[in-house]
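Understanding the architecture of this molecule
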Amino acid sequence: MTDSVKGKIKSGIIWNSIEKLSVQGVTFVMGVVLARLLDPTDYGLIGMLGIFMALSTTLVDSGLSNALVQKHDCTDKDFSTVFVVNLVMSLFIYALLFICAPYIADFYNEPLLCNLTRVLALQFVLTAVNIVHRAKLTAFADFKALAKINVSCSLISGATGVVLAYLGLGVWALVAQSLTSVFVAIFLFPIYSHWKPSIVFYKESFTPLFRYGWKLVVTGLYSTIINNIYTIVIGKYYSSRDLGFYSKGYAAPNTFSNIIYSVIGGVSFPIMSSIKDNKEQMLHLYKKSLFSTALVVFPFMTLIASLSPPLVSILYTDKWLPCVFIMQMFCLARMFTPLSAINISILNASGRSDLFMKMDLSKFPLLLLTMLITLPLGINAMAIGSMVNTFLCFFINCYFPGKLYKYNAWQQLKDWRYIILSVIIMNAFVYILMQIVLNPWLQVAIGGVLGLVVYGICCILFNIVDKETFVSKVHMKNKN
């Protein structure tokens, strides 16, 4: 691996870490305050709109931002073309949601959703202005600028949401928080990207970008439906309060999992794209990204699962305790989500978005089966089904990368075997402590420290990490 690539990875990870830890730290603190001020029903109402917001986000982007990052020699014509497409799509999507808002409210039998949809959907028009700026910064691996922008947006929007929640605006505080974030970004992105949009469309730029991006749109829409289908079903067949518990139980593990992937795996995609013609470097970065992610995500997510009862009680108050089991299931599920994402990233970085599409489409029968089995059994059973489904999908996501780079799911798990063993030992110690210490504050404080210490000792005893290369012994054998 060249020094320039190593430098990009190191800089990217440092600034990505600063960004994600800062943004998610602010988001977490603001989220705790909001959860204490708001009712689970407020979160349930926003959760009901999740599928529509997520589908719209995918359509507005149209897969073109990833196409810009993946392309080596983007010109101003490319950026301007994508900007125009994103803006037109955002206006179309907003008009569509505005018209469909009453039908969405009728579907869930929640009249307030009509106005919520029409106001919240404004974020797509605002976001469209920033998509190209973000892609430009990502393509040039300017994670420092992205960190500054995202931290600023999180601070301002989070403060706005908390103030409005304190004033008693309920669910509208969550809407205002979302809109404020994208509104502030409109002013910050042009400052750091040093690019001014031109309202010009070039067919010769659009065609190759769309040829790459349309497959991502199809798979993105499909993935969005898969990821949000549980919220649709729960919102339809259960109460908004039940959906609020499910959404909160899902949110924290999903957030922490995304942080870990964004810090490590999120850097890999643009770097992989830049070295896609060097298969040996690609394979080395691919394996190293997977191992580094597993090294962090496995202990972190299982430790949160073990400590979730006292954590929920302390942070969110006892009114949120029904979400504890759901949170534990999603902690186990989200151990594999960032690893799956890295396996998917190498396909996209290699320009094989066609394989990504085929792979994603193959998951639907499994999802449908687990949902149909667990739906009559309650939201806890549905959380178990989602966890099992995510684990099985990991093997699906590894299939094509395994074929292309001769590194399948079983080989990956074999390389992580000592990490998994260390995590099991760590959680055994934490479980024993939880039976002895009954005070929730002491459980979190002592359990967290004990878990990390035991895991660190296991890493040393099993010689999991090499100080100089940050790869396992097994990993070094694969490299050689």
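If you're wondering where the values come from, they're calculated on a predicted model, not measured in any experiment.

Another aspect to go through is the overall build of the protein. From N to C terminus, the protein includes 23 helices and zero strands. Here the protein holds 480 residues, and the buried ones make up 54% of them. Long-range pairs, those at least 24 residues apart, make up 82% of the contacts in the protein between residues at least 6 apart in sequence. Counting every atom, the protein has about 21000 Å² of accessible surface; 68% of that belongs to carbon and sulfur.

Time to look at the packing of aromatic side chains. Using the criterion set out here, one finds 19 aromatic pairs in the structure. Measuring from centroid to centroid gives 5.5 Å for Y43 and W320, while their planes differ by 85°, and the two rings are edge-to-face. Of this pair, Y43 sits in helix α2 (residues 40-48) while W320 sits in the loop between α13 (279-316) and α14 (324-333); the two residues are 277 residues apart in sequence, bridging distant segments of the chain. This pair shows no difference in class: Y43 is buried, exactly as W320 is. Ring centres of F394 and F395 lie 5.5 Å apart, and the angle between their planes is 75°; on these two criteria the pair is classed as edge-to-face.

Before going further, it helps to spend a moment on the packing of helix α9 (residues 143-166) against helix α10 (residues 171-193). Two numbers describe how α9 lies on α10: the axes approach to 8 Å, and their chain directions differ by 150°. As the angle between them shows, α9 and α10 are arranged roughly antiparallel. The two elements α9 and α10 cross, and the hand of that crossing is right-handed.

It is worth spelling out the pattern of salt bridges at this point. In total, this model carries one salt bridge according to the counting rule given. For R241, the salt bridge identified is with D39, shortest N-O distance 3.0 Å. Linking R241 in helix α12 (residues 240-274) with D39 in the loop between α1 (3-37) and α2, this pair joins segments that are 202 residues apart in sequence.

One non-glycine residue, N109, adopts positive backbone phi at about 60°. Residue placement: N109 occurs in the loop between α5 (76-108) and α6 (113-120). The phi torsion at N463 lies on the positive side, around 50°, for a residue other than glycine. By secondary structure assignment, the location of N463 is in the loop between α22 (440-461) and α23 (473-479). Residue N463 is classed as partly exposed on the basis of its relative accessible area of 36%.

Once that is clear, we can look at α6. Residues L113, C114, L116, T117 and L120 constitute the buried set of α6. In an axial view of α6, the angular spread of the buried residues amounts to 170°, which keeps them on one side of the axis.

A word on the confidence of the model for the protein. Averaged over all residues, the pLDDT of the protein equals 81, while 81% of them reach at least 70. Overall, residues 467-480 carries pLDDT values under 50, and its contacts beyond four positions in sequence, including any with other chains, amount to 26 contacts.

All right, on to the packing of α5 against α6 then. Following both chains from N to C, one finds α5 and α6 inclined at 155°, their axes separated by 8 Å at the closest point. The orientation of α5 with respect to α6, classified from their angle, is roughly antiparallel. Crossing of α5 against α6: the hand is right-handed. Counted together, Y94, L97, F98, A101, P102, I104, A105 and Y108 of α5 and L113, C114, T117 and R118 of α6 form the full contact between these two elements. A class-by-class count of the residues in the contact of α5 with α6 yields ten nonpolar, one polar and one charged.

The next thing to look at is the side chain of D42. In this fold, D42 is placed in helix α2. Within the buried set, D42 has no salt-bridge partner at all; the shortest N-O distance to an opposite charge, 7.7 Å, is to K319. Among all residues touching D42, those that are not within four sequence positions of it are G170, V171 and L174.

Rules used in this analysis
- Residues numbered from 1 in each chain as written.
- Predicted model: local features only at pLDDT ≥ 70, side-chain atom pairs only at ≥ 80, totals over all residues.
- Heavy atoms only, no water.
- Helix = DSSP H or I, 4+ residues; strand = E, 2+ residues; numbered from the N terminus.
- Buried < 20%, exposed > 50% of the residue type's maximum accessible area, 1.4 Å probe, protein only.
- Contact = heavy atoms within 4.5 Å.
- Areas by Shrake-Rupley, 256 points an atom, 1.4 Å probe, with all protein chains shown as cover.
- Phe/Tyr/Trp six-rings, centres within 6.5 Å; stacked < 30°, edge-to-face > 60°.
- Axes fitted to C-alpha atoms, helices over the stretch in contact; angles between N-to-C directions.
- Parallel < 35°, antiparallel > 145°, perpendicular 65-115°, else oblique.
- Left-handed = near helix turned anticlockwise from the far one by under 90°.
- Salt bridge = Lys/Arg side-chain N within 4 Å of Asp/Glu carboxyl O.
- Arc of directions from axis to C-beta.
- pLDDT = per-residue confidence, 0-100.
- Nonpolar A, V, L, I, M, F, W, Y, C, P; charged D, E, K, R; others polar.
- Lys, Arg positive; Asp, Glu negative; His and termini not counted.

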